[in-house]
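# Fold and contact review
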Amino acid sequence: MKAKEIQELIDFISNSGLAEVKIETEEFKLSIKKYSEAPAVKFEAAPAPVAVSAPAAAAPAPSPAAPAAASKEDTSKLIEIKSPMIGTFYRTPNPDADAFVNVGDTVKPGQTVCIIEAMKLFNEIESEVSGRIVKVLVENAQPVEYDQPLFLVDPAG
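Figured I'd write up the structure that's included with this text. Note that the structure is a prediction, hence the values are computed from the model and not measured. (Residues numbered from 1 in each chain as written. Predicted model: local features only at pLDDT ≥ 70, side-chain atom pairs only at ≥ 80, totals over all residues. Heavy atoms only, no water.)

### Considerations on the sheet that holds strand E9 (residues 131-136)
Counted only if it meets this: The pairing criterion for strands is at least two bridges between them, as found by DSSP. Put simply, DSSP H or I for four residues or longer makes a helix, DSSP E for two residues or longer makes a strand, and each gets a number counted from the N terminus.
If you walk across this open sheet you meet the four strands as E4-E11-E9-E6, and the pairing is antiparallel. In this open sheet, the two strands that pair with only one neighbour each are strand E4 (79-82) and strand E6 (106-107). Bridging between E4 and strand E11 (residues 149-154) involves four bridges; their strand directions are antiparallel. Bridge pairing links Lys82 to Pro149 in E11.

### Overview of the nonpolar core
Put simply, the test is: Think of a nonpolar core as a cluster: buried Ala, Val, Leu, Ile, Met, Phe, Trp, Tyr and Cys residues, connected wherever their side-chain atoms sit within 4.5 Å. Three exposure classes are used, based on accessible area relative to the maximum for each residue type with a 1.4 Å probe and protein chains only: buried under 20%, partly exposed in between, and exposed over 50%. Contacts: residue pairs with any heavy atoms within 4.5 Å of one another.
By size, the foremost hydrophobic cluster in this structure holds 17 residues, and its most contacted members are Phe89, Val113, Cys114, Ile133, Leu150 and Phe151. For this core, the secondary-structure elements that each account for two or more residues are E4, strand E7 (112-118), E9 and E11. Beyond its immediate stretch of four places on either side in the chain, Phe151 contacts Ile79, Glu80, Ile81, Phe89, Val101, Val113, Cys114, Ile133, Lys135, Val136 and Leu137. In this structure, Leu9, Ile10, Ile13 and Leu121 belong to the second largest nonpolar core, which totals nine residues.

### Some remarks on the side chain of Asp154
Going by this rule: Two N or O atoms form a polar contact when they lie within 3.5 Å of each other; inside protein one atom must be a possible hydrogen donor and the other a possible acceptor, and for residues adjacent in sequence the pair counts only when both atoms belong to side chains.
You can see Asp154 is positioned in strand E11. Given a relative accessible area of 19%, Asp154 falls into the buried group. In terms of polar contacts, Asp154 uses its side chain to reach the backbone amide nitrogen of Ala156, at 3.0 Å. Residues in contact with Asp154, not counting those within four places in the same chain, are Leu78, Gly131, Arg132 and Val134.

### Description of the pattern of salt bridges
Quick reminder of the rule: Salt bridge, as applied in this entry: a Lys or Arg side-chain nitrogen positioned within 4 Å of an Asp or Glu carboxyl oxygen.
For the structure on display, the rule yields two salt bridges. A salt bridge links Asp154 to Arg132, with the nearest nitrogen and oxygen atoms 3.7 Å apart. Here the residue Asp154 occupies a position in strand E11, and Arg132 occupies one in strand E9, the gap between them amounting to 22 residues. Judged by its relative accessible area of 31%, Arg132 falls in the partly exposed class.

Quick look at the structure:
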């Protein structure tokens, strides 16, 4: 299924009264859930031989922040939560809601920390680590790049 076909399907579902749709074939699984005004999409490609493949994603194990990013704080023990895609960073599920996480909040693996909008799809970004949020590195509604650090987490917190 191509990106344009997926977008057309999402638009169709958005205009229908459906709140959730799941499509599963031998090649992929597609799950679309509508939250308030924006659909959230989860797309998983089934293991299949592919002639051209995308670069492998980084290992899910968190890597410590580079000590070269020297500041007044010792960041060598902090873990970065990075953006898995290019898009627009949002700290809240909608403009009137509270932020998913704030500085000082404790997060655990699987907890939603933000949303990144890419191609009109709102993707919930989950923490892969547990700890305390020490710093939010991106302003709300700002563009982010692939692998850009979004949050600093103290695993001891």
